[in-house]
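As a plain string of letters, each chain reads:
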Amino acid sequence: MDGRLADKLHLSRRQFVAGCAGAAAAVNGPASGAADLPTIAPVGILADYVATRDRSTAIEPLGSGAALGGRWHTCRLTSQTWKDCPWTHELSIFLPAAAGDTRRMLLWIDGGNDKQVPRNAVTEPTDAVRILATVATAAGLPAAVVRQVPFQPMFGDLHEDGLIAHTFVEYTKTGDPTWPLLLP
């Protein structure tokens, strides 16, 4: 952990979760017991990381259409370049024809690997869009799915826990607070 952040926050995981719940309650309005939860101001490494602009961020439309009781769009998203590796994802959005509330949306974060990112035009809804359409229609809300999170494999053929462990080892070697994979 970065010394600046460690000096400001000495939190257990329970306190961190309680702080996140408190922040969510503050954004979404008061709920029973919300006033008793601590909040945490976004400071330090994560806030710096989130605020950093990345010129590689881009969206490339791959396909769209009317189907499944609404409209769908599938894109290739480059969310960032991290450690000289562009992170590309499949991003699909579904808007049900009878969406009651378009101020909110469901977000589904899904796994996968870089070999599953669509490379060419998409002319039909993907399996992810079909599932998304069912959920979005039932909820009466727009919905999106972002796949290939985290982007993997990286650093050779590292996946999941091995990838996370590698980034923490690099952090301990270098002291560079951007190394832990949990930031991106």
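The model shown is predicted, which means the values in this text are computed figures rather than measured ones.

Caption draft 1: Structural context of the overall build of the chain. Scanning the chain from terminus to terminus reveals five helices and five strands. Its helices and strands in sequence order give the chain the pattern α-α-α-β-β-β-β-α-β-α, from N to C terminus. Expressed as a percentage of its 184 residues, the buried residues of the chain come to 35%. Contacts in the chain between residues at least 24 apart in sequence constitute 63% of all its contacts with a sequence separation of at least 6. When the accessible surface of the chain is summed, it comes to about 11,300 Å², and 58% of that surface belongs to carbon and sulfur atoms.

Caption draft 2: The arrangement of the layout of surface pockets in detail. Taken as a whole, the second largest pocket spans an internal volume of roughly 330 Å³. Lining the second largest pocket are 17 residues, with Tyr49, Thr52, Asp54, Ser79 and Gln80 sitting closest to its centre. Where the lining of the second largest pocket is concerned, the elements lending two or more residues are α3 (45–51), β2 (70–82) and β3 (85–96). Among the elements that make up the lining of the second largest pocket, the one with the highest residue count is β2 (five residues). Residues of the lining of the second largest pocket, tallied by class, amount to seven nonpolar, seven polar and three charged.

Caption draft 3: Local environment of the pairing of β3. In terms of burial, β3 is a largely internal element, nine of the 12 residues being buried. Pairing analysis gives 12 bridges linking β2 to β3, with the strands arranged antiparallel. Looking across to β3, one finds that arginine 71 is bridged to leucine 95. Connecting β2 to the antiparallel partner β3 that follows it, the hairpin turn spans two residues, and lysine 83 within it adopts a positive phi of roughly 55°.

Caption draft 4: A look at the pairing of strand β4 (residues 106–109). Looking at chain direction, β4 and strand β5 (residues 143–146) are connected through four bridges and run parallel. Counterpart to leucine 107 in the pairing with β5 is alanine 144.

Caption draft 5: Representation of the sheet that holds β2 in the model. As summarised here, the arrangement of the five strands in space is β1-β2-β3-β5-β4, forming an open sheet in which the pairing is mixed. Edge positions in the sheet fall to β1 (58–67) and β4, since each of these pairs with one other strand and no more. Going across the sheet, the axis of each strand differs from the next one's by a mean of 20°, ignoring polarity. Judged from the four bridges that link them, β3 and β5 form a sheet pairing that is antiparallel. Within β5, the residue paired with isoleucine 93 across the bridge is alanine 144. Contacting β2, β3, β4 and β5, helix α4 (residues 127–139) runs over the sheet at an angle of about 45° to β3.

The rules behind each value
- Residues numbered from 1 in each chain as written.
- Predicted model: local features only at pLDDT ≥ 70, side-chain atom pairs only at ≥ 80, totals over all residues.
- Heavy atoms only, no water.
- Helix = DSSP H or I, 4+ residues; strand = E, 2+ residues; numbered from the N terminus.
- Buried < 20%, exposed > 50% of the residue type's maximum accessible area, 1.4 Å probe, protein only.
- Contact = heavy atoms within 4.5 Å.
- Areas by Shrake-Rupley, 256 points an atom, 1.4 Å probe, with all protein chains shown as cover.
- 1 Å grid on protein atoms, 1.4 Å probe; cavity = no way out; pocket = protein on both sides within 12 Å on 5 of 7 lines; lining within 4 Å.
- Points joined across faces, edges and corners; volume = space filled by probe spheres on them.
- Nonpolar A, V, L, I, M, F, W, Y, C, P; charged D, E, K, R; others polar.
- Pairing = 2+ DSSP bridges.
- Axes fitted to C-alpha atoms, helices over the stretch in contact; angles between N-to-C directions.

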